[in-house]
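# Geometric and topological summary
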Amino acid sequence: VRGPVMDGMCARLRATVGFTYTMLLLSSYIPVLSGQRVAVIRRLAFMMKPRVFNKGDLLIREGDAAKEVFFLVLGEVAVYIWDKKTKREKEVNRIDHKAAYTSFGELALVKTQKHKATLHRSASVYAADRSLLLEIGANDYLTMLQLILTMCVRQYFRPILTMCVRQYFRPI
């Protein structure tokens, strides 16, 4: 059975499944998110979109303005820089999803915010294999960092501070 209603339903189902999958990826990818409320993970998942790249696909071009950050979930990417001597791109690094917390593209965003000017990518990144990535825009990335930092402070430092206050500031 086909038709506009069924096509719309299929699109909504694909979007729901994709969103749920993104939430699962986030909670397994970022340790501080495990055990957090679904609302927090949902907020982060809304900021990200899953993207699949095939071998040889360009993710980031050297010299382009920095607008997003990528988190490598599955696969492998290769980092290239322009070699002025040979006038060709030269591979300088490979990033595998097996490394913990594999992300790239964030340095240019942090520099952009600090200097209030658009910085450009210092290298090109290609998919070395079929790869699944989560993409997040520049503003959403900074919001995500603030949210995760707040969660870390609440989760890890609040108990320590409470213990110190109780130990050193006992009532007389």
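Worth saying up front: this structure is predicted, and the values here are computed from it rather than measured.

About the criteria used
Residues numbered from 1 in each chain as written. Predicted model: local features only at pLDDT ≥ 70, side-chain atom pairs only at ≥ 80, totals over all residues. Heavy atoms only, no water. Salt bridge = Lys/Arg side-chain N within 4 Å of Asp/Glu carboxyl O. Helix = DSSP H or I, 4+ residues; strand = E, 2+ residues; numbered from the N terminus. Buried < 20%, exposed > 50% of the residue type's maximum accessible area, 1.4 Å probe, protein only. pLDDT = per-residue confidence, 0-100. Arc of directions from axis to C-beta. Pairing = 2+ DSSP bridges. Contact = heavy atoms within 4.5 Å. Axes fitted to C-alpha atoms, helices over the stretch in contact; angles between N-to-C directions.

Let us now look at the pattern of salt bridges. Inspection of every chain in the model, using the stated rule, returns four salt bridges. Of the charged contacts, one joins R94 and E76 as a salt bridge, the two residues approaching to 3.6 Å between their closest N and O atoms. Here the residue R94 occupies a position in strand β5 (residues 88-96), and E76 occupies one in strand β4 (residues 76-83), the gap between them amounting to 18 residues. The class of R94 is partly exposed, set by a relative accessible area of 40%. Since its relative accessible area comes to 23%, E76 is described here as partly exposed. For E91, the salt bridge identified is with R94, shortest N-O distance 2.8 Å. Note on E91: relative accessible area 34%, which makes it partly exposed. Salt bridges linked by common partners bring E76, E91 and R94 together as one network.

A separate point is the confidence of the model for the protein. With 72% of its residues at a pLDDT of 70 or more, the protein has an overall mean of 75. Per-element averaging of pLDDT across the protein places helix α3 (residues 106-115) at the bottom with 60 and strand β7 (residues 124-127) at the top with 92.

This part takes up helix α2 (residues 38-47). Three or more residues of α2 are buried, namely V40, I41, L44, A45 and M47. Taken around the axis of α2, the buried residues stretch over an arc of 155 degrees, which confines them to a single face.

Here we take up the sheet that holds strand β6 (residues 103-104). Pairing between the strands of a sheet comes from backbone hydrogen bonds, and it takes one of two forms, parallel or antiparallel. An order of β1-β8-β3-β6 is seen for the four strands of this open sheet, with the pairing classed as antiparallel. The sheet is open, and its two borders are formed by β1 (48-53) and β6, each paired with just one other strand. By the bridge criterion, six bridges tie β1 to strand β8 (residues 131-137) in an arrangement that is antiparallel. Pairing of M48 across the sheet is with I136, part of β8. Across the face of the sheet, α2 comes into contact with β1 and β8 while running at roughly 50 degrees to β1.

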